[in-house]
Amino acid sequence: MLHEISVQSCKRDEMINITGQVQKIVAKENVQEGLAVVFCAHTTAGITINENADPDVQKDFLRRLDEIYPWNMAEDRHFEGNSAAHLKSSTVGASQTVIIHKGKLLLGQWQGIYFCEFDGPRARTCFVKIIWHN
Ligand code: ZN
């Protein structure tokens, strides 16, 4: 079964922790051992795993990406004017795969799964597929 997570971003660039929602899906499917694939079907957003403790990590992460890919570049040709968001999306990647062990996502103590918005605010959807493997 394919699951959907709805995400509403509030800023142009934002990292939204979706770990709890993914874990709920794992619990709902009652899977003990397997994989959770989290996939973002958008070209200006992405999925990453990073620190869940200090929110300054997310701020620094987004600021540094913005330094690498500034929003306004006169040379950009893309008619939507959001080439920076497309570049950030491909840099972060569209999906993450997390091991499920003993019914729980196998994440480090300080790790969370983040939906990364790069062209918000918008209503977004990401997909979660659970693969059983005992
Ligand atoms: Zn575009």
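To be clear, the structure that these remarks concern was listed above.
Below is a summary of the structure that appears in this document. Quick caveat, the model's predicted, so the values are computed rather than measured.

### Quick word on the coordination of the zinc ion
Thought 1: At this site the zinc ion is bound by His78 (NE2), Glu80 (OE), Asn82 (OD1) and His86 (NE2), with donor distances of 1.8 to 2.2 Å.
Thought 2: Classification of the site at the zinc ion rests on its 4 donor atoms, whose angles at the metal span 89 to 143 degrees, yielding the label irregular.
Thought 3: As a motif over one chain, the donors of the zinc ion read H-x1-E-x1-N-x3-H.
Thought 4: Under the relative-accessibility criterion, Glu80 is labelled partly exposed at 48%.
Thought 5: Residue classification places Asn82 among the buried positions, given a relative accessible area of 4%.

### Thoughts on helix α3 (residues 83-92)
Thought 1: What α3 keeps buried is the set Ser83, Ala84, Ala85, Lys88, Ser89 and Val92.
Thought 2: Structurally, α3 contributes buried residues whose contacts are with β4 (45-51), α2 (55-68) and β7 (111-117).
Thought 3: Where α3 terminates, the next one or two residues include Gly93, which has phi positive at roughly 100 degrees.

### What to know about the environment of Val57
Thought 1: With respect to the secondary-structure elements, Val57 resides in helix α2.
Thought 2: With a relative accessible area of 27%, Val57 lands in the partly exposed category.
Thought 3: When the C-alpha positions of Val57 and Arg77 are compared, they lie 32 Å apart, and in sequence the two are 20 residues distant.
Thought 4: Once residues within four sequence positions are removed from consideration, Val57 is found in contact with Asn50 and Glu51.

### Here's the deal with the sheet that holds β4
Thought 1: Read across the open sheet, the 3 strands follow the order β2-β7-β4; overall the sheet is antiparallel. The outermost strands of the open sheet, each flanked by one partner alone, are β2 (14-17) and β4. Looking at each pair of strands side by side, their axes are set apart by 35 degrees on average, direction ignored.
Thought 2: Bridging between β2 and β7 involves 4 bridges; their strand directions are antiparallel. Looking at β7, one finds that Met15 is bridged to Cys116.

### Overview of the side chain of Gln58
Thought 1: With respect to the helices and strands, Gln58 occurs in helix α2.
Thought 2: With relative accessibility at 17%, the residue Gln58 sits in the buried group.
Thought 3: Excluding residues that lie within four positions of it along the chain, Gln58 makes contacts with Met15, Glu51 and Tyr114.

The rules behind each value
- Residues numbered from 1 in each chain as written.
- Predicted model: local features only at pLDDT ≥ 70, side-chain atom pairs only at ≥ 80, totals over all residues.
- Heavy atoms only, no water.
- Donors = N, O, S within 2.8 Å, 3.2 Å for Na, K, Ca; no water.
- Tetrahedral: all angles 85-135°; square planar, octahedral: opposite > 155°, others 65-115°.
- Buried < 20%, exposed > 50% of the residue type's maximum accessible area, 1.4 Å probe, protein only.
- Helix = DSSP H or I, 4+ residues; strand = E, 2+ residues; numbered from the N terminus.
- Contact = heavy atoms within 4.5 Å.
- Pairing = 2+ DSSP bridges.
- Axes fitted to C-alpha atoms, helices over the stretch in contact; angles between N-to-C directions.

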